[in-house]
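Structural description and commentary
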Amino acid sequence: MNRLNQGALSNLPKGVVGPFYDRRAVNIGIVHLGLGAFHRAHQAVITEAALEAGDYSWGIAGISLRSPDIRDALALQDGLYTVAVRDGTGDRFAVTGAILATLVAPENPGAVLDLMTAPNTRIVSLTVTEKGYCHRPATGDLDEDNSDIRHDLTYPEAPRTAIGFLVEAIARRRRAGHAPFTVLSCDNLPANGHTTASVVRRFAALRDPDLAAYVAENVAFPCTMVDRIVPATTEEDRTIVANALGVEDAWPVVSEPFLQWVIEDRFPSGRPNWEKGGASFVADVEPFELMKLRLLNASHSTLAYLGYLAGHETVATAMAAPGFAALLEGLMREEASPTLPPLESFDIAAYRAALLDRFRNPALRHRTWQIAMDGSQKLPQRLLGTIRDRLAVGATFERLALGIAAWIVYVAGRDERGQPIDVRDPLAARLAEATAGRTEAEELAEACLGFSEVFGTDLPASRPFRITLLQALSALLKDGAAATVARFDTGSQPPESSTGRNFDTPWDPLAHPRPYRPIATFLRSSR
Ligand code: CS2
């Protein structure tokens with residue numbers, strides 16, 4: 001079978017969307033750090049709609065910070081890849097062309113810095129996952145003991161971290177007299193722009209206080225809320241895509257229909273017309289970010305640990321098991337929602353119902369193990385911040401505590417059948433060591449609460465926190481995850497169960513200008 005590439009575009013089967021603008025005319029305006037599946041199913045697709053609308057200054061150079069795998073796949077395909085949108089009624093396919101160049105940072109950090117320093121580069125965006133910010137999750141401060149950060153301070157010309165690349169490129173642009181780029185974090189962090197600004201400024205200050213002052217005065221870090229569920233691509237997905245396209249795509253991405261991007265409109269050096277792909281620009285993103293982290297991501301993590309322990313491989317199968325939907329519904333409605341700032345004319349009940357629908361998507365096969373990764377970096381903003389807010393007003397949080405308890409059992413490294421768990425987390429080794437040989441709730445909790453980079457010092461010192469956590473952990477150890485979760489089953493449909501419709505963007509979807517070109521049409525029909 002032939003490979004997907006520019007030449008294959010003219011023969012794509014009817015119904016498959018492709019980039020039919022002149023890709024050769026497009027300049028690179030965005031350097032994106034972290035070329036994973038999420039970026040390719042989210043920002044790149046939305047940028048594609050802007051390119052189709054005719055502004056050719058915003059092509060993307062995608063940088064892998066570690067492995068060459070995706071570059072190896074895309075380089076042979078002229079940067080093209082397929083997005084397969086999946087909702088259980090058959091996939092829809094769009095070949096995407098917004099990524100014009102791919103680089104692997106460790107192979108040639110100098111080339112990456114050159115691209116970041118080029119005058120045409122006006123935005124550097126990031127999807128480097130939580131741990132990529134090299135911060136302490138509990139506080140958001142730069143982790144100055146991180147070995148890669150120490151490396152990047154010693155060898156600024158050959159950085160390893162996104163932070164090292166950003167600061168070195170900003171310094172070089174400044175020397176060359178080029179206006180700085182805008183730094184756009186697209187990761188699931190609270191106030192992601194502020195968090196990025198804070199670690200970048202601290203890193204710059206450790207290099208040179210004058211550079212830090214320059215960053216503070218000249219570089220914009222708008223906040224964004226990103227949302228699309230994008231499971232890891234499987235071999236089966238590759239086969240499905242090849243059969244549909246008639247050509248082989250070595251690295252397609254698969255995603256749900258839902259797509260949302262809320263962006264703070266602060267781009268001193270300009271930006272693409274991302275509205276064409278359905279992005280929303282608002283003055284203050286933080287309420288949206290908080291809502292997404294505390295509802296969607298909190299539910300995801302809770303379901304991932306409990307679901308994995310109960311033997312569920314995917315989110316959808318866990319959702320179908322007794323108690324899971326009711327547990328998440330209660331977690332979102334009773335425990336998390338009251339902690340959220342009000343969002344005017346936003347139907348939060350519909351948003352929660354839509355989340356449950358999205359988790360039920362039977363066709364996605366989103367693995368609990370995938371979501372369970374890097375919990376030490378995720379729990380603070382997904383569950384612990386909400387717990388703090390609940391504690392501050394003397395409110396209960398048994399469901400949130402159950403999520404934390406399940407994480408503790410998970411990172412201790414044995415499932416309920418005694419099988420080892422492949423725990424992926426920057427703290428995995430230390431967590432394994434701290435929990436080794438401990439089987440009682442109290443000693444396991446003690447071992448994990450000692451991780452102040454996750455729990456801070458306030459939560460371990462809180463009596464109500466300890467008591468609630470211990471109750472949840474004891475139940476889990478005694479009865480197992482399936483039975484503990486089943487207790488939340490109300491026997492009837494939860495009050496906010498499926499609306500039976502596919503969810504549109506949560507606020508007025510018709511407010512976006514109507515896109516009219518192929519990918520834009522595809523985006524609209526897949527939302
Ligand atoms: C998930 C997210 O893997 C995870 O931790 O919770 O990647 C989630 O799928 C996205 O944030 C959805 O937008």
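All values derive from a computational prediction rather than experimental measurement.

**Brief notes about the environment of Glu-256**
Within the secondary structure, Glu-256 is located in the loop between strand 9 (253-255) and strand 10 (260-264). The exposure class assigned to Glu-256 is buried, which follows from its relative accessible area of 2%. With sequence-adjacent residues up to four places away left out, Glu-256 is seen in contact with Val-85, Arg-86, Arg-228, Ile-229, Arg-358, Asn-361 and Leu-364. Within the structure, the side chain of Glu-256 is placed 2.8 Å from the backbone nitrogen of Ile-229, a separation counted as a polar contact. A polar atom in the side chain of Glu-256 sits 2.5 Å from the side chain of Arg-358.

**Some thoughts on the pattern of salt bridges**
Tallied over the full model, the rule gives 37 salt bridges. One salt bridge in this structure joins Arg-360 and Asp-357, with 3.5 Å as the shortest N-O distance. Residue Arg-360 and its partner Asp-357 are located together in helix 13 (residues 348-360), separated by three residues, close to a single helical turn. The salt bridge involving Lys-478 is made with Asp-479; its shortest N-O contact spans 3.3 Å. Overall, the relative accessible area of 68% leaves Lys-478 in the exposed class.

**Some remarks on the sheet that holds strand 9**
The pairing of strands in a sheet comes from backbone hydrogen bonds and takes either a parallel or an antiparallel form. Across the sheet, three strands lie side by side as 4-3-9; this open sheet has mixed pairing. In this open sheet, the two edge strands, each paired with only one partner strand, are strand 4 (92-96) and strand 9. Averaged over neighbouring strand pairs, the angle between their axes works out to 25° when direction is ignored. The sheet contact formed by strand 3 (residues 81-85) and strand 4 spans five bridges and is antiparallel. The residue of strand 4 that forms the bridge with Thr-82 is Val-95. Where helix 2 (residues 43-52) meets the sheet, it contacts strand 3 and strand 4, and its direction lies at approximately 75° from that of strand 4. Taken strand by strand, helix 9 (residues 235-245) contacts strand 3, strand 4 and strand 9, and its axis lies near 85° from that of strand 4.

**Structural notes on the sheet that holds strand 8 (residues 224-227)**
Strand order in the open sheet formed by three strands is 8-10-11, and the pairing between neighbours is mixed. Across the chains shown, the open sheet's two edge strands, defined by having one partner strand only, are strand 8 and strand 11 (280-282). Here the strands of the sheet are splayed against their neighbours by 20° on average, with no regard to which way each runs. As judged from the three bridges shared by strand 10 and strand 11, these two strands associate in the parallel manner. Within the sheet, the bridge partner assigned to Glu-264 lies in strand 11 and is Val-282.

**Looking at the pairing of strand 6 (residues 123-126)**
Side chains Ile-123 and Ser-125 of strand 6 all project onto a buried face; the interleaved residues Val-124 and Leu-126 project onto the opposite face, where all are buried too. Across four bridges, the pairing between strand 1 (residues 28-33) and strand 6 is parallel. For His-32, the partnering residue across the bridge sits in strand 6 and is Ser-125. When strand 6 meets strand 7 (residues 182-185), the two strands line up parallel, connected through four bridges. The residue bridging Ser-125 from the neighbouring strand is Leu-184, located in strand 7.

**Details of the layout of surface pockets**
Here the second largest pocket defines a volume of roughly 370 Å³. Surrounding the second largest pocket, 20 residues form its lining, Val-409, Ala-412, Gly-413, Arg-414 and Arg-438 being those nearest its centre. The class makeup of the residues in the lining of the second largest pocket is 11 nonpolar, five polar and four charged.

**Regarding the UniProt feature "domain: Mannitol dehydrogenase C-terminal" (unreviewed entry) in the protein**
Mapped onto the present numbering, the UniProt feature "domain: Mannitol dehydrogenase C-terminal" (unreviewed entry) falls on residues 284-475. Helix and strand shares over residues 284-475 are 69% and 0% respectively, and the end C-alpha atoms of the span are 41 Å apart.

**Re the UniProt feature "domain: Mannitol dehydrogenase N-terminal" (unreviewed entry) in the protein**
When the UniProt feature table is mapped onto this chain, "domain: Mannitol dehydrogenase N-terminal" (unreviewed entry) is found at residues 29-276. Between the C-alpha atoms that bound residues 29-276 there is a distance of 17 Å. The span itself is 37% helix and 19% strand.

**Here's the deal with the site of the ligand**
Taken together, Asn-188, Asp-227, Arg-228, Ile-229, Lys-292, Asn-297, His-300, His-366, Ile-371, Lys-378 and Arg-382 form the complete shell of residues around the ligand. A distance of 3.0 Å is found between an oxygen atom of the ligand and a side-chain nitrogen or oxygen belonging to Asn-297. Between an oxygen atom of the ligand and a side-chain N or O atom of His-300, the distance comes to 2.7 Å. Relative to its free-state accessible area of 340 Å², the ligand is covered by the protein chains to the extent of 88%. Listed by contribution, the elements that provide at least two residues to the shell around the ligand are helix 10 (286-309) and helix 15 (375-392). At three residues, the largest contribution of residues to the shell around the ligand is made by helix 10.

Calculation criteria
Residues numbered from 1 in each chain as written. Predicted model: local features only at pLDDT ≥ 70, side-chain atom pairs only at ≥ 80, totals over all residues. Heavy atoms only, no water. Helix = DSSP H or I, 4+ residues; strand = E, 2+ residues; numbered from the N terminus. Buried < 20%, exposed > 50% of the residue type's maximum accessible area, 1.4 Å probe, protein only. Contact = heavy atoms within 4.5 Å. Polar contact = N/O pair within 3.5 Å; in protein donor to acceptor, adjacent residues only side chain to side chain. Salt bridge = Lys/Arg side-chain N within 4 Å of Asp/Glu carboxyl O. Pairing = 2+ DSSP bridges. Axes fitted to C-alpha atoms, helices over the stretch in contact; angles between N-to-C directions. 1 Å grid on protein atoms, 1.4 Å probe; cavity = no way out; pocket = protein on both sides within 12 Å on 5 of 7 lines; lining within 4 Å. Points joined across faces, edges and corners; volume = space filled by probe spheres on them. Nonpolar A, V, L, I, M, F, W, Y, C, P; charged D, E, K, R; others polar. UniProt positions renumbered as here; feature names shortened; annotations may be inferred. Near = heavy atom within 4 Å. Areas by Shrake-Rupley, 256 points an atom, 1.4 Å probe, with all protein chains shown as cover.

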